Amino acid sequence: MPVWLIRPPPLLSRLLVFAVLLGVWEAASAAGMVSRFIAPPPSEIFPAIGLLYVDNELTARFLRTFGEVFAAAGIGSGLGMAIGWWLHHNRTAGAAYTDWIAASAAAPLVLLFPLFLVLFGRNAATIVAMGAVSVMPPVILKTKEGLDHVRSVLIDVGRTFSLTRWQQVRMILFPAALPTIFTGLRLGLVFALINVVGVEFLIGFGGMGLMIAELGDRFEIAGMYAAILFVVLCSATFFYLTEKLETWLLSAR
Amino acid sequence: MSPSPALRISRVSKHFETGKGRVTAVDDVSLDIMQGEFISIIGPSGCGKSTLMNMVGGLLTEYDGDILLDGKKVSGCQPEIGMVFQEESTFPWRTALENVAFPLEAAGLTRDKRIARARDLLDLVGLSGFENHYPAELSGGMRQRIAIARTLAFEPRILLMDEPFAALDEQTRLLLGDKVVQIQNKLRQTTLLITHNISEAVQLSDRVLIMTFRPGRIKRVIEIDLPRPRSSEMMGSEAFGRYVAEIWQDLREEASKGLHDAEAAARQG
Ligand SMILES: Nc1ncnc2c1ncn2[C@@H]1O[C@H](COP(=O)(O)OP(=O)(O)O)[C@@H](O)[C@H]1O
Ligand SMILES: [Mg+2]
């Protein structure tokens, strides 16, 4: 056996697992063990991505969803970092609220969508607001954690150089906390994607979430799976790219 | 007329309130430091050396007694006093050059000026060629030299160093000692060095202060009357050996008290 089969490189072994799963699925479907109606075989799903592109204006929907995701991530990250800073700065507030926010990070906030529907109506504002709310908990927590753990000797160095309060924040606290804050931002971005697509699906408005709902309603099951697969691939690519960006930004430190 | 001291430490004491009661970290310490003088403070760990330095540097502001810089009370950090810390203190997100340029950037110097100045200082501490390396890519000794250069960049009149070489191996420490001697010959910097290494203290200092173990008092002041410039090579000389032996005799008593305390605490705890 060639070496790459005995001990395959990580990327290859990941793809291998994926391929094996698809193979099993295809075989089960061919053998009639899985109804084509519940889960069509991969050989039908992959071509359906092409159809999505032609029949369902995939590009427009994709752009729309990602516009909402970036708006939600931007708003949620900005507010989240500000609140994280406040919880770090104000010990009483930090002690009082941090656990609540940790709990909300673990809660399915998407269930709050009826409230946002009432507040903003059935439009992009509801989707972006819901996404932004889900971005905030991880960003808040990681910002606070990062700032809390800045080594005190670095702060003392700043004091001996007579830094102003704002210089202390900009030149020491923030860059020292950045690696931890970045983890929160990446998590937040993924939460934004999940929640934006989820809310689009639930309220029947917007881009790819709505597309999945529509395909389901029309019983285009292969198309629906293709759309879901597309979203999953997008979010995986997304996560991978932010990881690369992070390594690049924080390299050598 | 006798010159007035650059720095006067006058009857300074510091107590900490802890869960186990009141700890006297520094007890009635007085010391005059002249401009250009190099003074080492040596003592067992836990005797209050860092506490004393933090008070002189303005990081600790609540204490009894007075610390005067040119006759004016020190009431917080000020540019005239620079500090080098025992702990690793370089900024990991800045290159060696950017680390050294840090205080100049904060002070608002133009980019060209601060880069030029930082280059000179990196050269002074023997790190030219490493300008664009990040601290993570350098050894502990090199990082500590960056920290020293960074503090020197601010051109403090008084340099405080808290066991800057404590975390380094003996060979690196000796070579850095030589480097500090070279820098001192060049800048004639008023320096207060905290150390627990006797030969380092003898090699570098005009005067060595021995502190007692808890509460931290000044036990003895020894003038080091060796010719300058000195280097680690003179450590073999007889005069050098005599100073080391003399200091060790005084220090030994204090160190064993410290050891005793630590053992007792370990048995209790
Ligand atoms: N912030 C603090 N709170 C309470 N006790 C302290 C504090 N800082 C130092 N001490 C105590 O003061 C004594 C002297 O500490 P330190 O100045 O760090 O000693 P050294 O630098 O000589 O090793 C020690 O017993 C230490 O436990
Ligand atoms: Mg100390």
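This text follows the structure it describes.
These lines cover the structure that appears in this document, whether it is placed above or below. (Residues numbered from 1 in each chain as written. Chains lettered and ligands numbered in written order. Predicted model: local features only at pLDDT ≥ 70, side-chain atom pairs only at ≥ 80, totals over all residues. Heavy atoms only, no water.)

### Some words on the overall build of chain A
The line we're drawing: By definition, any uninterrupted DSSP run of H or I lasting at least four residues is a helix, any uninterrupted run of E lasting at least two residues is a strand, and each is numbered from the N terminus. Per-residue accessibility, obtained with a 1.4 Å probe over protein chains only, is compared with the maximum for each type, and a residue is labelled buried under 20%, exposed over 50%, and partly exposed between these values. We call two residues in contact whenever any of their non-hydrogen atoms come within 4.5 Å of each other. Charge assignment in this entry is limited to Lys and Arg as positive and Asp and Glu as negative, and neither His nor the chain termini are counted. By convention, charge coordinates are those of NZ in Lys, CZ in Arg, CG in Asp, or CD in Glu.
Check the secondary structure of chain A and you find eleven helices and zero strands. Put simply, chain A runs from its N terminus to its C terminus through helices and strands in the order α-α-α-α-α-α-α-α-α-α-α. C-alpha atoms of chain A, sized along the principal axes, occupy 75 × 60 × 30 Å. Of all 253 residues assigned to chain A, the portion counted as buried reaches 41%. Put simply, of all contacts in chain A between residues at least 6 apart along the chain, 73% involve residues at least 24 apart. Here chain A contributes 17 positively and 15 negatively charged side chains, and the mean placements of these two sets differ by 13 Å.

### Let's talk about the interface of chain A and chain B
Cut-off, in case you're wondering: Defined in terms of a 1.4 Å probe, buried area is the accessible area two parts forfeit on being brought together, summed over both. When a carboxyl oxygen of Asp or Glu lies within 4 Å of a side-chain nitrogen of Lys or Arg, that pair is called a salt bridge. Whenever a nitrogen or oxygen atom comes within 3.5 Å of another N or O atom, the pair is scored as a polar contact, on the condition that within protein one atom can donate a hydrogen and the other can accept it, and that pairs from neighbouring residues in sequence are kept only if both atoms are in side chains. Think of it as three bins: nonpolar holds Ala, Val, Leu, Ile, Met, Phe, Trp, Tyr, Cys and Pro, charged holds Asp, Glu, Lys and Arg, and polar takes everything else, Gly as well.
Counting residues at the interface gives 17 residues for chain A and 26 residues for chain B. A buried area of about 1900 Å², summed over both sides, lies between chain A and chain B, and 69% of it is on carbon and sulfur atoms. Scanning the region where chain A abuts chain B turns up one salt bridge. The interface formed by chain A and chain B holds three residue pairs in polar contact (both at pLDDT 80 or more) in total. Per-element tally for the side of chain A that touches chain B: the top contributor is helix α8 (residues 152-160) of chain A, with six residues. Within the side of chain A that touches chain B, the residues separate by chemical class into ten nonpolar, three polar and four charged.

### Concerning a nonpolar patch on the surface
Residues and elements named next belong to chain A. Filter applied, for reference: The patches reported here contain residues having more than 30% relative accessible area and no salt bridge. Joining distances are 9 Å for like charges and 5 Å for nonpolar side chains (Val, Leu, Ile, Met, Phe, Trp, Tyr). The accessible surface values rely on the Shrake-Rupley method and a 1.4 Å probe; as for residues, cover is taken only from the protein chains in view.
Together, L112, L115, L119 and F120 line one region of the surface with nonpolar side chains, adding up to about 380 Å² of accessible area. Relative to the assigned elements, F120 resides in helix α6 (residues 113-120). F120 sits in the partly exposed class, given a relative accessible area of 38%.

### Focus: the sheet that holds strand β9 (residues 207-211) of chain B
Residue and element names in this part refer to chain B. The condition is simple: A strand pair is defined by DSSP finding two or more bridges across the two strands. The axes are straight lines fitted to the C-alpha atoms, using for helices just the contacting stretch, and the angles between their N-to-C directions are given from 0 to 180°.
Across the sheet, which stays open at both edges, the six strands sit in the order β6-β7-β8-β3-β9-β10 with mixed pairing between neighbours. Edge positions in the sheet fall to β6 (81-84) and β10 (218-223), since each of these pairs with one other strand and no more. Geometrically, the sheet is characterised by an average inter-axis angle of 15° between neighbouring strands, direction not taken into account.

### Regarding the pairing of strand β4 (residues 64-69) of chain B
Residues and elements named next belong to chain B. Inspection of the sheet shows strand β1 (residues 7-18) paired to β4 by five bridges, in the antiparallel sense. Counterpart to I9 in the pairing with β4 is I67. Note: β4 against strand β5 (residues 72-73), two bridges, orientation antiparallel. Along β5, the bridge assignment pairs L68 with K73. What sits between the antiparallel neighbours β4 and β5 is a turn of two residues, in which D70 has the positive phi angle 50°.

### A word on the packing of helix α2 (residues 96-106) of chain B against helix α4 (residues 140-153) of chain B
Residues and elements named next belong to chain B. In plain terms, the rule: Any angle from 65 to 115 degrees is called roughly perpendicular, while one under 35 is roughly parallel, one over 145 is roughly antiparallel, and all others are oblique. Each crossing gets its hand from how the near helix is turned against the far one by less than a right angle, where anticlockwise is left-handed and clockwise is right-handed.
Following both chains from N to C, one finds α2 and α4 inclined at 25°, their axes separated by 7 Å at the closest point. With respect to α4, the axis of α2 lies roughly parallel. For α2 against α4, the interelement crossing comes out right-handed. In this structure, α2 contributes A96, N99, V100, F102, P103 and L104 to the contact, and α4 contributes I146, A149, R150 and A153. Its residues assigned to classes, the contact of α2 with α4 shows eight nonpolar, one polar and one charged.

### Quick notes on the environment of Y97(A)
All names here are of chain A. You can see Y97 is positioned in helix α5 (residues 91-106). According to the relative accessible area criterion, Y97 is partly exposed, its value standing at 42%. Note: C-alpha distance between Y97 and L87 (ten residues apart in sequence) is 7.8 Å. Setting aside its immediate chain neighbours within four residues, Y97 contacts W86 and L87.

### Here's the deal with the pattern of salt bridges
Here the structure, examined in full by the defined rule, presents 26 salt bridges over all chains. E155(B) is paired through a salt bridge with R117(B); the nearest N and O atoms lie 2.9 Å apart. Note that E155(B) is positioned in the loop between α4 and β7 (158-162) and R117(B) in helix α3 (residues 111-124), a separation of 38 residues in sequence. On the basis of relative accessible area, E155(B) is assigned to the exposed category, the value being 53%. If you follow the salt bridges from partner to partner, you end up with R186(A), E243(A) and E246(A) in one network.

### Topic: the environment of A39(A)
Residues and elements named next belong to chain A. Tracing the chain through its elements places A39 in the loop between α2 (10-30) and α3 (42-55). By relative accessible area, which is 12% here, A39 ends up buried. Between the alpha carbons of A39 and S77 there is a distance of 37 Å; along the sequence they are 38 residues apart. If we skip the residues at most four places from it in the chain, A39 touches W25, S29, V34 and Y225.

### Here we look at the environment of L185(A)
Within the secondary structure layout, L185(A) lies in helix α9 (residues 165-203). It is 14 Å that separates the C-alpha atoms of L185(A) and W85(A), two residues lying 100 residues apart in sequence.

### Section: the sheet that holds β1(B)
Residue and element names in this part refer to chain B. Strand order in the open sheet formed by four strands is β2-β1-β4-β5, and the pairing between neighbours is antiparallel. On the outer flanks of this sheet lie β2 (21-33) and β5, each paired with one strand and no other. The pairing of β1 with β2 spans nine bridges and is antiparallel. Along β2, the bridge assignment pairs I9 with L31. Packing of helix α1 (residues 49-57) onto the sheet brings it into contact with β1, β2 and β4, and relative to β1 it is tilted by some 120°.

### Topic: the site of ligand 1
Residue and element names in this part refer to chain B. To keep things clear, this is the line we draw: Whether a residue is near a molecule or strand depends on its heavy atoms: it is near if one of them lies within 4 Å of it.
By nearness alone, every residue bordering ligand 1 is listed as F16, T18, A25, S45, G46, C47, G48, K49, S50, T51 and R214. Within the contact set of ligand 1, an oxygen atom lies 3.2 Å away from a backbone nitrogen or oxygen of C47. Contacts to ligand 1 include K49, whose backbone N or O atom sits 2.9 Å from an oxygen atom. Taken by itself ligand 1 offers 560 Å² of open surface, and the protein chains cover 63% of this. Contributions of two or more residues to the shell around ligand 1 are made by β1 and α1. A total of three residues in the shell around ligand 1 trace back to one element, the largest contributor, which is α1. Of the residues that constitute the shell around ligand 1, the class distribution is three nonpolar, six polar and two charged.

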